[in-house]
Amino acid sequence: MHASPDDEATAHLLVVAAFHDAAAKAGEQDDVSIGEFSRAVLARFDEMGELQGRLYDVVRSYAAKYATFEEQAALERWIAEKTSR
């Protein structure tokens, strides 16, 4: 299945939101390592436009809590396209 430009835009927003949220929560809990890791993931995502391995599951979990069904479907199409390469 091919991800549309709208799917990609939705997925990018969810990736950024998921890791910004993780960094913010880590900051609230004084967990420097998680905060730094989340910021590093975002920097790499900005550079490469994709994630690796289980990091997709972090975004899926975030989307399950906060995204609409349509946004989750868009995310899944984008992930399927990225991981099928």
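Look up: the structure comes first, before these words.
Residues numbered from 1 in each chain as written. Predicted model: local features only at pLDDT ≥ 70, side-chain atom pairs only at ≥ 80, totals over all residues. Heavy atoms only, no water.

**A short note on the nonpolar core**
Move 1: By size, the foremost hydrophobic cluster in this structure holds 18 residues, and its most contacted members are L14, V15, F19, L51, V59, L75 and W78.
Move 2: Contributions of two or more residues to this core are made by helix 1 (5-28), helix 2 (32-48), helix 3 (55-66) and helix 4 (69-83).
Move 3: Among the elements that make up this core, the one with the highest residue count is helix 1 (five residues). (Core = buried A, V, L, I, M, F, W, Y, C linked by side-chain atoms within 4.5 Å. Buried < 20%, exposed > 50% of the residue type's maximum accessible area, 1.4 Å probe, protein only. Helix = DSSP H or I, 4+ residues; strand = E, 2+ residues; numbered from the N terminus.)

**Points about unusual backbone geometry**
Move 1: Phi at D30 is positive, roughly 55°, even though this residue is not glycine.
Move 2: Note that D30 resides in the loop between helix 1 and helix 2.
Move 3: Under the relative-accessibility criterion, D30 is labelled exposed at 68%.

**Some thoughts on helix 4**
Move 1: For helix 4, with 15 residues, the first-to-last C-alpha span of 21 Å sits near the 21 Å given by 1.5 Å per residue.
Move 2: Those residues of helix 4 lying buried are A74, L75, W78, I79, E81 and K82. Each buried residue of helix 4 lies within a common arc of 160° when the element is viewed along its axis, so the set occupies one face. Seen from the open side of helix 4, the exposed residues pointing more than 90 degrees away from its buried face are F69 and E70. (Expected span 1.5 Å × (residues − 1). Arc of directions from axis to C-beta.)

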